[in-house]
Amino acid sequence: MTTTTCTTTRVRSLPVLLATEDDAEDTGLLAPDDRLTCHVHGRWIHQCVASPAHVSPVTRHRWCRGCRTELRVAVDELSLAVSMTCPRCGRGGSAATTRLTAACRASLAAERHARRAA
């Protein structure tokens with residue numbers, strides 16, 4: 001599948017980006033892991049990533065396979081920092097969680113840009 005990333009220069013508002021990402025995902029132009037918005041919650045991904053809906057033991061999104069534990073999420077909107085760690089072993093990283101963390105950082109930056117542009 002081809003992946004594209006929406007850049008912050010094109011972000012106008014959350015509803016517009018939600019619709020744009022839905023269309024891009026439906027046509028195979030955007031991988032679900034690269035979304036800046038959440039189609040389930042209708043929010044920026046960094047605002048709802050801590051929801052149980054974003055935990056998947058199968059794909060290892062926010063999941064520590066070794067500990068069989070949901071990863072904790074910390075999002076700092078001021079510094080644009082995002083971290084996801086296992087409360088048991090302190091690790092828990094996976095390729096899926098790395099992509100989700102990157103999407104959250106991009107989401108934070110996009111939201112900040114959209115607020116400034118408004």
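The preceding data block contains the structure.
Here goes a summary of the coordinates provided. (Residues numbered from 1 in each chain as written. Predicted model: local features only at pLDDT ≥ 70, side-chain atom pairs only at ≥ 80, totals over all residues. Heavy atoms only, no water.)

### A short note on the overall build of the chain
The helix and strand inventory of the chain stands at 3 helices and 6 strands. Along the chain direction, N to C, the helices and strands of the chain fall in the order α-β-β-α-β-β-β-β-α. Evaluated residue by residue, the chain yields a buried proportion of 39% over its 118 residues. (Helix = DSSP H or I, 4+ residues; strand = E, 2+ residues; numbered from the N terminus. Buried < 20%, exposed > 50% of the residue type's maximum accessible area, 1.4 Å probe, protein only.)

### What about the pairing of strand β5 (residues 72-76)?
Across 5 bridges, the pairing between β5 and strand β6 (residues 81-85) is antiparallel. Across the sheet, the residue bridging to Val75 is Val82, located in β6. (Pairing = 2+ DSSP bridges.)

### Quick look at the layout of surface pockets
In this structure, the largest pocket spans a volume of roughly 310 Å³. Around the largest pocket, the lining comprises 16 residues; the ones closest to its centre are Pro32, Asp33, Ile45, His54 and Leu100. Elements with a contribution of two residues or more to the lining of the largest pocket: β1 (37-38) and α3 (95-117). In the lining of the largest pocket, the residues fall into 8 nonpolar, 6 polar and 2 charged. (1 Å grid on protein atoms, 1.4 Å probe; cavity = no way out; pocket = protein on both sides within 12 Å on 5 of 7 lines; lining within 4 Å. Points joined across faces, edges and corners; volume = space filled by probe spheres on them. Nonpolar A, V, L, I, M, F, W, Y, C, P; charged D, E, K, R; others polar.)

### Some points on the nonpolar core
With 14 residues, the main nonpolar core has Ile45, Met84 and Cys104 as its most contacted residues. Elements represented by at least two residues in this core include exactly α2 (45-48), β6 and α3. The residues contacting Cys104, other than those within four sequence positions of it, are Ile45, His46, Val49, Val82 and Met84. If you look at the next biggest cluster of nonpolar residues, it comprises 7 residues, including Leu14, Leu18, Leu36 and Ala110. (Core = buried A, V, L, I, M, F, W, Y, C linked by side-chain atoms within 4.5 Å. Contact = heavy atoms within 4.5 Å.)

### Considering unusual backbone geometry
Keep in mind that most residues, glycine aside, have a negative phi and that most peptide bonds are trans. At Arg60, a position not held by glycine, the phi torsion is positive, near 75 degrees. For Arg68, which is not a glycine, the phi torsion comes out positive at approximately 55 degrees. Among the secondary structure elements, Arg68 is positioned in the loop between β3 (63-64) and β4 (69-70).

### Examining helix α1 (residues 14-26)
Its 13 residues place the ends of α1 18 Å apart at the C-alpha level, agreeing with the 18 Å of an ideal helix rising 1.5 Å per residue. Those residues of α1 lying buried are Leu14, Leu17, Leu18, Glu21 and Ala24. In a view along the axis of α1, the buried residues occupy a sector of 135 degrees, so they form one face of it. Of the residues in α1, the exposed ones pointing more than 90 degrees away from the buried face are Pro15, Asp23 and Asp26. Buried-residue contacts for α1 involve β1 and β2 (43-44). Positive backbone phi, at 80 degrees, marks Gly28, one or two positions downstream of α1. (Expected span 1.5 Å × (residues − 1). Arc of directions from axis to C-beta.)

### Observations regarding the pattern of salt bridges
A complete count under the given rule lists 7 salt bridges for this structure. Taking the shortest distance from any N to any O, the salt bridge between Arg35 and Glu25 comes out at 2.8 Å. Taken together, the residues span a long stretch of sequence, with Arg35 in the loop between α1 and β1 and Glu25 in helix α1 at a distance of 10 residues. Judged by relative accessible area, which is 24%, Glu25 ranks as partly exposed. Of the charged contacts in the structure, one is a salt bridge between Asp33 and Arg99, with a shortest N-O distance of 3.8 Å. Note that Asp33 is positioned in the loop between α1 and β1 and Arg99 in helix α3, a separation of 66 residues in sequence. Three or more residues are tied together by salt bridges with common partners; here these are Glu21, Asp22, Glu25 and Arg35. (Salt bridge = Lys/Arg side-chain N within 4 Å of Asp/Glu carboxyl O.)

The values are spatial; any link to function lies outside them.
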